[in-house]
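So you can see what is in the structure, the chains are spelled out below.
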Amino acid sequence: SPRARTRVCVRRRPGGAMPADAARSAPAPLAADIASFPGDEEEEIGLLPDGRGDAPALSRRPWRLGAGALSAIAAVLALRSVPVGHDSPGQAVILDDESSPCTSPGDDCRASQCCKDPSHRCFEKNHFWATCKASCDPGVDANDLDTMPWSCRMLGVDESWAWHEERARGVMEKLSLADKVSLLRGENDAWPADRHGYAGYVGVGRKYMDPWMPEGIMPLSMNDGPQGYNSYERFAGKSTQFPSLLTVAASFSTSTARRYAGAIADEFVAKGANVLLGPDVEVTRAALTGRSFETLSGEDPFLGSQLVQAFVKAVQDRGIIACVKHFLDNNQEIYRQTMNVEVSDRAQHEIYLPVFKAAFDAGAAAVMCSYNKVYGQHACENHKLLTKFLRDDLGFRGFVLSDWGATHDALRSAKAGLDIDMQMDDPKVRLPDEYHKLPALLKSGDISMEDIDKKVLHVLSAMHVAGQFDGRFTVPDAWPKGSFGEQRGAVSDLVSADATSAAHRGVAFQTIVDGAVLLKNARGALPLSADSKIVFVGKYCDQATDPAIKQGSVYSGGGSGYVATDKSVTPLAGFRAKVPGVTASVDAAGAAGADVAVVCAAAHSEEGWDRKELALPEARELVTALRKQGPDLKIVVLASVPGAVTTDWIGDADAALMLFMPGEMVGPAAAALLLGKASPGGRLPVSFPQEGEKRFTQEQYPGTCPPPNIWCSHMTANFSEGVLVGYRWNDAPGGVPAAFPFGFGLTYTDFKFEDFGVSCKDNIPLVSFNVTNIGDRDGDAVPQLYVGFKRLAPVVRQLRSFQKVHVARGKHAPVSFQLRTSDWSVYDEGLQRWVDAAAEGDVITVSVGKSSTDLVWHSVVPAKCVQGLGRKASLHFE
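Keep in mind the model is a prediction, meaning the values are calculated, not measured. (Residues numbered from 1 in each chain as written. Predicted model: local features only at pLDDT ≥ 70, side-chain atom pairs only at ≥ 80, totals over all residues. Heavy atoms only, no water.)

**Focus on the overall build of the protein chain**
When you go through the protein chain residue by residue, the secondary structure sums to 22 helices and 33 strands. In the protein chain, buried positions account for 61% of the 878 residues. Of the contacts formed within the protein chain by residues at least 6 apart in sequence, a portion of 74% connects residues at least 24 apart. (Helix = DSSP H or I, 4+ residues; strand = E, 2+ residues; numbered from the N terminus. Buried < 20%, exposed > 50% of the residue type's maximum accessible area, 1.4 Å probe, protein only. Contact = heavy atoms within 4.5 Å.)

**Section: the packing of aromatic side chains**
Counting across every chain of the model gives 23 aromatic pairs. Look at Phe-360 and Phe-396: their rings are 4.4 Å apart centre to centre, the planes differ by 35°, and that puts the pair in the tilted class. Here Phe-360 is found in helix H10 (residues 354-361), whereas its partner Phe-396 is found in the loop between helix H11 (383-393) and strand E15 (399-402), with 36 residues between them in sequence. Here Phe-360 falls in the buried class, since its relative accessible area comes to 4%. The class for Phe-396 is buried, based on a relative accessible area of 3%. Ring geometry for Phe-756 versus Phe-769: centroids 4.9 Å apart, planes at 25°, classification stacked. Taken as a pair, Phe-756 in strand E23 (residues 751-761) and Phe-769 in strand E24 (residues 764-773) lie far apart in primary sequence, 13 residues in all. Under the relative-accessibility criterion, Phe-756 is labelled partly exposed at 21%. Linked through ring pairs, Phe-252, Phe-302, Tyr-727, Phe-742, Tyr-786 and Phe-802 together constitute an aromatic cluster. (Phe/Tyr/Trp six-rings, centres within 6.5 Å; stacked < 30°, edge-to-face > 60°.)

**Re a negative patch on the surface**
Where like charges cluster on the molecular surface, the negative patch consists of Glu-618, Glu-621, Asp-648 and Glu-691. In this structure, Glu-618 sits in the loop between strand E19 (596-602) and helix H19 (619-627). (Patch = residues over 30% accessible without salt bridge, like charges linked within 9 Å, V, L, I, M, F, W, Y side chains within 5 Å. Areas by Shrake-Rupley, 256 points an atom, 1.4 Å probe, with all protein chains shown as cover. Salt bridge = Lys/Arg side-chain N within 4 Å of Asp/Glu carboxyl O. Lys, Arg positive; Asp, Glu negative; His and termini not counted. Charge placed at Lys NZ, Arg CZ, Asp CG, Glu CD.)

**Some words on empty space enclosed by the protein**
Under the definition given, this model contains 3 cavities of 30 Å³ or more. Put simply, the largest cavity is a space of about 90 Å³. In this structure, the largest cavity is lined by 13 residues; those nearest its centre are Glu-282, Thr-289, Arg-291, Asn-330 and Asn-331. (1 Å grid on protein atoms, 1.4 Å probe; cavity = no way out; pocket = protein on both sides within 12 Å on 5 of 7 lines; lining within 4 Å. Points joined across faces, edges and corners; volume = space filled by probe spheres on them.)

**A look at the sheet that holds strand E4 (residues 121-126)**
Sheet architecture is open: 3 strands sit in the order E5-E4-E6, paired in antiparallel fashion. Each edge of the open sheet is held by one strand with a lone partner, namely strand E5 (129-133) and strand E6 (153-155). Shown here is a sheet whose adjacent strand axes are inclined to one another by a mean of 40°, direction ignored. Sheet analysis places E4 next to E6, joined by 3 bridges and oriented antiparallel. What sits directly across from Cys-122, in E6, is Leu-155. (Pairing = 2+ DSSP bridges. Axes fitted to C-alpha atoms, helices over the stretch in contact; angles between N-to-C directions.)

**Structural notes on the state of the cysteines**
One pass over the full model with this rule turns up 4 disulfides. Disulfide pairing places Cys-109 opposite Cys-122 at an S-S distance of 2.0 Å. Here the disulfide of Cys-109 and Cys-122 is right-handed, its torsion about the S-S bond being about 95°. Here Cys-109, found in the loop between helix H3 (67-79) and E4, pairs with Cys-122, found in strand E4; they are 13 residues apart in sequence, far enough to count as distant. For the residue pair Cys-109 and Cys-122, the accessibility class agrees, reading buried in each case. Each disulfide pairs two cysteine sulfurs, and for Cys-705 the partner residue is Cys-712, the sulfurs being separated by 1.9 Å. Measuring the twist about the S-S bond at about -105°, one finds the Cys-705-Cys-712 disulfide to be left-handed. An identical accessibility class is assigned to Cys-705 and Cys-712; each is buried. (Disulfide = S-S within 2.5 Å.)

**Here's the deal with the sheet that holds strand E27 (residues 798-802)**
Spatial strand order, E27-E26-E32-E33: 4 strands in an open sheet with antiparallel pairing. Lying at the two open borders of the sheet, with one neighbouring strand each, are E27 and strand E33 (855-860). Neighbour to neighbour, the strand axes of the sheet diverge by 25° on average, direction disregarded. By the bridge criterion, 4 bridges tie strand E26 (residues 784-788) to E27 in an arrangement that is antiparallel.

**Focus on the pattern of salt bridges**
A complete count under the given rule lists 39 salt bridges for this structure. Between Arg-259 and Asp-514 there is a salt bridge, and its shortest N-O distance comes to 2.9 Å. On the criterion of sequence distance, the pair formed by Arg-259 in helix H7 (residues 254-271) and Asp-514 in helix H17 (residues 502-515) is long-range, its members being 255 residues apart. Here Asp-514 falls in the buried class, since its relative accessible area comes to 8%. Note that Asp-361 is salt-bridged to Lys-357, the shortest N-O span being 2.9 Å. Taken together, the residues span about one helical turn, with Asp-361 and Lys-357 both in helix H10 at a distance of 4 residues. For Asp-361, a relative accessible area of 26% puts it in the partly exposed group. Among the ionic contacts, a cluster of salt bridges with common partners joins Asp-224, Asp-280, Arg-291, Glu-294, Lys-325, Glu-333, Arg-336 and Glu-607.

**Some details on the confidence of the model for the protein chain**
Averaged over the protein chain, the pLDDT score is 85; the fraction of residues at 70 or greater is 85%. Contacts from residues 1-99, a stretch scored under 50 in pLDDT, to residues over four places away or in other chains number 168 contacts. Here residues 870-878 scores under 50 on pLDDT; set against residues more than four positions off or in separate chains, the count is 12 contacts. (pLDDT = per-residue confidence, 0-100.)

**Examining the side chain of Ser-847**
Mapped onto the fold, Ser-847 is located in strand E32 (residues 845-849). A polar side-chain atom of Ser-847 sits 2.7 Å from a polar atom in the side chain of His-858. When sequence neighbours within four positions are dropped, the list of residues in contact with Ser-847 reads Gln-784, Leu-785, Tyr-786, Arg-797, Leu-855, Trp-857 and His-858. (Polar contact = N/O pair within 3.5 Å; in protein donor to acceptor, adjacent residues only side chain to side chain.)

**Details of the environment of Gln-113**
With respect to the secondary-structure elements, Gln-113 resides in the loop between H3 and E4. Among residues more than four places away in sequence, those in contact with Gln-113 are Cys-122, Leu-155, Gly-156 and Glu-159.

**What to know about the pairing of strand E30 (residues 825-828)**
The pairing of E30 with strand E31 (residues 833-836) spans 4 bridges and is classified as antiparallel. In the sheet register, Asp-828 faces E31, and the bridge partner there is Arg-833. Hairpin geometry of E30 and E31 is characterised by an intervening segment of 4 residues between the two adjacent antiparallel strands and by a positive phi of about 55° at Gln-832.

**With respect to the pairing of strand E21 (residues 655-660)**
Along a regular strand, successive side chains alternate from one face of the sheet to the other. With 6 of 6 residues buried, E21 lies mostly within the body of the structure. Both faces of E21 are covered, namely the face carrying Ala-655, Leu-657 and Leu-659 and the face carrying Ala-656, Met-658 and Phe-660. In this sheet, E21 lies alongside strand E16 (residues 517-521) in antiparallel orientation, the contact comprising 4 bridges. Along E21, the bridge assignment pairs Leu-518 with Leu-657. Relative to E21, strand E20 (residues 634-641) runs parallel, the two being bridged by 6 bridges. By the bridge assignment for E21, Val-637 is matched with Ala-656.

**As for H17**
Look at H17: 20 Å from first C-alpha to last across 14 residues, which is about the 20 Å you get at 1.5 Å a residue. Next to the buried residues of H17 lie helix H6 (245-251), H7, E16, E21 and helix H20 (666-674). (Expected span 1.5 Å × (residues − 1).)

**A closer look at the packing of H17 against H20**
At a minimum axis separation of 9 Å, H17 and H20 run at an interaxial angle of 45°. Between H17 and H20, the angle is such that the two are oblique. Along this stretch, H17 crosses H20, giving a crossing that reads as right-handed. In this structure, H17 uses Phe-509, Ile-512 and Val-513 to contact H20, whose residues at the interface are Val-666, Pro-668, Ala-669, Ala-672 and Leu-673. For the contact of H17 with H20, the residue count by class is 8 nonpolar, no polar and no charged. (Parallel < 35°, antiparallel > 145°, perpendicular 65-115°, else oblique. Left-handed = near helix turned anticlockwise from the far one by under 90°. Nonpolar A, V, L, I, M, F, W, Y, C, P; charged D, E, K, R; others polar.)

**Observations concerning the packing of H7 against H17**
Relative orientation of the contacting elements H7 and H17 amounts to 150°, with a least axis distance of 10 Å. By the angle between their axes, H7 is roughly antiparallel relative to H17. Like other packed secondary-structure pairs, H7 and H17 cross with a definite hand, here left-handed. Along the contact surface, H7 presents Thr-256, Arg-259, Tyr-260, Ala-263, Asp-266 and Glu-267, while H17 presents His-504, Val-507, Gln-510, Thr-511 and Asp-514. Across the contact of H7 with H17, the residue classes tally to 3 nonpolar, 4 polar and 4 charged.

Structure (structure tokens):
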């Protein structure tokens, strides 16, 4: 009992019914609590008097209870400061770890909000239950006995950072001024070796004979990128060319994001890089932007917020710091280093900041500031961005890293909140970094030692959070442990090693499948029959490179996110591996007499420049020419695209399958999709516009210059559309409907959403329904929930939940979405804070459907469900 300071011993056990007398056998103070908390997975427990007994005592009087019951016991004991433990399967019971204030896996972590196992996080199920586990997918867990969904919100980031900051402070106190400044000055190898190892280095040592790890501080070896380890084309094929981040966005799957990020991080470990410069999370505002393929968010901040947490956790679980980028408003590439952006505070908080906030809530330890100006000042010396937004509003506690050469003035950047300055890497302009001026600025009194210490603490704390002081990052055996210079000298051999594997290619393959979007499938065109006469049409069917492409390749976008490979399998090669003898032609003439023509079309995009148009090159010409051969020919368009494209050709095509810069495994994945061995699992993360859509004025995009100039390098883009970004603009009054809306995607089967209900359970709004597979194939449904209310105007509704669920043919699956106050909150620019619209009297409407426009159910949330949620919920035991 609590009064006897009893310890609770827990051991996992195979399934079985709970004994009928379990609650009756419990000590009286706990019996009611046990009875009132049905479990969601079975456990065997025993009570041991404090300080006596051992694990075998469990056999004396076991009760099999659910984890929910254990959480009740844990909560009771936690209120009385009694430690509670939970061991892993088959291991001895070791409890009472007094050295750690954190929680064991499976226990309720709402109180501690931190986990003993560094590979776990405290995930919230609802307002009353959270537990430590390695991963979490929003929605109903099939292993739970109840049908309540998990919100999967991570708790305890602040508590974790506070602990690690104390540890970092102890390290910092041992450093000299020179050591501290060295930690704030990034460097590159001299040209031409620049970027042939890593993108840059940060460390206490800078000279050859400096110790490799002074005071235990591991040098930071930073590298691109978020789509695979970029060896800058020197070691092609030695790291996997994964699909684009936009493919992950199209998957609408946190599991896909976690698996993808984990595989990339494993290759970083093999290469010795402990800072991953990514992921990119910019919300796509303008479809033409050159790096649209490289964002995890697509055009929606909620989508990005869900995916980025899984990505960040998978990376940092391996001891690698995730550096989220680019902060802030880096939403176009053209003149990005000199242009200025004007954005309203509401748009910042509701559209452009939320994905960064989600990344930081997941523990992201670094963020990169961007090249562009915002409000007339460069991002890396912008106090409103780096202090007001980043530290005050978002609560970020890691380090801020400049993009390479994005620091223009040491004093302004130091005062604004930049921590690490990375120097320019242009071989023609080898400019020194700005932060070599810090000692002089300290001597002159322009900055204080407190300013420097704060920055150093950010860097060291981030390293502690990522586990780099605790051995979580596996140091390569190839690294000499003597001096900084010796470690640097071993980099080339290490980076040249082959880090690829069949498993990683399998991850790349599955990611393509998960993110493939089927736009059209008429006349049963797909899947293809291997017995049909099939011809592949177009030059890109069997061509992975193109001399006309300056950066990147046919199936991968260019820039820092590009990974060079010699292992690409083209669509034709991949298909022939399954169906030998398939013919190919660069033009429509070769399709004469065929049953099916597969048109391979590709659009390209790259860092540094925006696209000139949204057309899909050659698609119109090839499809038109093929259709002239007769109505019986089935035309399937297989497209590789960096983002949104126009689809004026789709009327003459029977089917269209979109792949978002799929990378080296495009061939095997395309073959599996076309032949029906896999089903397209993706949904559009960006709206596809109608031909001739006029979304922006010149002032909005790409921007304008002071008269009399219309075009110049110092233009200003005014984001005066505010929150009307992506589908929000399409669906608003006065907007133009998209040709294919956000969230749209077909599969090889069909689904029916039915049996809807909205309820209020424990004062939590819950939307529940069934997804039934009414087709003749298994497939993945992606039901989406949108929320609307008066104060959201001019936006009509916005995505606030989704769940990817696999349903076998003829079967159904339950889906539940739980809502929070944040789902009906807006940012009030006058009050400079978030406002609960329900508390202000707004009626909250929820809609569920298959895309932002295909909504099959609407309902008003009962007022009793939305009142009081703004207050912190608590659970009391008397």
